[in-house]
Amino acid sequence: TYPVNTAVAQYYGATTLTPEESVNYGLGFILEPARGLTITVDGYQIDLNDRIGLTQPFIVSVADLAAQPALLPVGVGGQVQYFTNGFDTRTRGVDVVGTWRTTFDEADLNFSLAYNYNETKITKTTPGLISAAQIIDAEHLAPKHRAVFNAGWKLDGFALNIRENFYSSWTSAQDYGQTAGVPNQVFGSKFTTDIDFSYTFADKYTLTVGAQNLTDERPDRLAPTATIPIYPVTGGTADGQVYPRNGG
């Protein structure tokens, strides 16, 4: 990855970076339909222009090396990238949070459910700088849906909290893309469970025991592609990957 002011980057079209510019819109409201029950809804849109990111990889050829000797350290077959104001994006989403607080047999009960929908679309790209795989990742690497349910119980210094997390499906085309004409691997949605039990004594000391991802939920395993084989002995790639290293 070369700075934009170097001969190597400029050979592949690099120009001086300009600041990103964004326009943000938001609208929300709060409801209290019953005692102890609160619901908040917030919608938003973020238009981001001249977003900065890496270009697609440029593969150095013999002709490139002859035309630009500064490419010698990279070598024929090597890859060059640089940062660029390569694309514009529009992100739209909504946050919905509901909370309910009550008591039962002298114990305090707290319940909450938070949901987020978030979708990003590329509205403009610079031809020749951003690859199709990069566009897919910008729009599908992050799960579009996420939800968190939390239940809490408190009584006489004892507390119990249970949290259920949900993440929807996602795709990583740059790292785990398929061949032309074959769909990219979609990593499926997952639920994870967290739980903790605590006791507070002497008004200032708290002892907590718990577990994150109690059920040991894991991402989908990598599927073999024409460029990324999966080895039967290890069940992973040549560098040992069994699960995706990003997204989710």
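Above this note sits the structure.
Residues numbered from 1 in each chain as written. Predicted model: local features only at pLDDT ≥ 70, side-chain atom pairs only at ≥ 80, totals over all residues. Heavy atoms only, no water.

A.B. asks: Go over the overall build of the protein chain, please, and point to the residues and values.
C.D. replies: Within the protein chain one finds 4 helices and 12 strands. Over its C-alpha trace the protein chain gives a radius of gyration of 25 Å, far above what one expects of a compact globule, namely 18 Å for 248 residues. Along the three orthogonal principal directions, the C-alpha set of the protein chain runs to about 80 × 50 × 40 Å. Counting the 248 residues in the protein chain, one finds 29% classified as buried. The contacts of the protein chain with a sequence gap of at least 6 include a subset with a gap of at least 24, amounting to 62%. Entry remark: accessible area of the protein chain is about 15,100 Å², with carbon and sulfur atoms responsible for 58%. Taken as two groups, the 16 positive and 25 negative side-chain charges of the protein chain have centres that lie 1 Å from each other. (Helix = DSSP H or I, 4+ residues; strand = E, 2+ residues; numbered from the N terminus. Rg over C-alpha atoms; globule rule 2.2 N^0.38 Å. Buried < 20%, exposed > 50% of the residue type's maximum accessible area, 1.4 Å probe, protein only. Contact = heavy atoms within 4.5 Å. Areas by Shrake-Rupley, 256 points an atom, 1.4 Å probe, with all protein chains shown as cover. Lys, Arg positive; Asp, Glu negative; His and termini not counted. Charge placed at Lys NZ, Arg CZ, Asp CG, Glu CD.)

A.B. asks: Could you give an account of the side chain of Thr-171, with specific residues and numbers?
C.D. replies: Topologically, Thr-171 is positioned in strand E9 (residues 170–171). Accessibility expressed as a relative area gives 10% for Thr-171, which makes it buried. The residues touching Thr-171, leaving out its near neighbours within four places in the chain, are Ile-136, Asp-137, His-140, Leu-141, Asn-184, Gln-185 and Val-186.

A.B. asks: Could you give an account of a nonpolar patch on the surface, naming the residues involved and the relevant values?
C.D. replies: The grouping of Trp-153, Phe-158, Phe-197, Tyr-199, Phe-201, Tyr-205 and Leu-207 at the surface amounts to a nonpolar patch, some 670 Å² of accessible area in total. For the nonpolar patch, the secondary-structure elements that each account for two or more residues are strand E11 (190–201) and strand E12 (205–211). Sort the elements by how many residues they give to the nonpolar patch and E11 lands first, with 3 residues. With respect to the helices and strands, the residue Leu-207 is situated in strand E12. (Patch = residues over 30% accessible without salt bridge, like charges linked within 9 Å, V, L, I, M, F, W, Y side chains within 5 Å. Salt bridge = Lys/Arg side-chain N within 4 Å of Asp/Glu carboxyl O.)

A.B. asks: Got a sec to walk through the packing of aromatic side chains? Specific residues and values, please.
C.D. replies: Tallied over the entire structure, the rule returns 11 aromatic pairs. Aromatic side chains Tyr-12 and Phe-58 sit 4.9 Å apart centroid to centroid with 20° between the ring planes, which places their arrangement in the stacked category. Taken as a pair, Tyr-12 in the loop between helix H1 (7–11) and strand E1 (21–34) and Phe-58 in strand E3 (residues 58–59) lie far apart in primary sequence, 46 residues in all. One aromatic cluster is present, formed by Phe-158, Phe-197, Tyr-199, Phe-201 and Tyr-205 through successive ring pairs. Between Arg-221 and the ring centre of Tyr-243, over which it is positioned, the NZ or CZ distance is 5.8 Å. (Phe/Tyr/Trp six-rings, centres within 6.5 Å; stacked < 30°, edge-to-face > 60°. Lys NZ or Arg CZ within 6 Å of the ring centre and 35° of its normal.)

A.B. asks: Quick one: what's the story with the pairing of strand E2 (residues 37–54), residue by residue and with numbers?
C.D. replies: Across 12 bridges, the pairing between E1 and E2 is antiparallel. Within the sheet, the bridge partner assigned to Asn-24 lies in E2 and is Ile-46. The turn joining E1 and E2, which pair antiparallel and follow one another in sequence, is formed by 2 residues; a positive phi near 80° is taken by Gly-36. (Pairing = 2+ DSSP bridges.)

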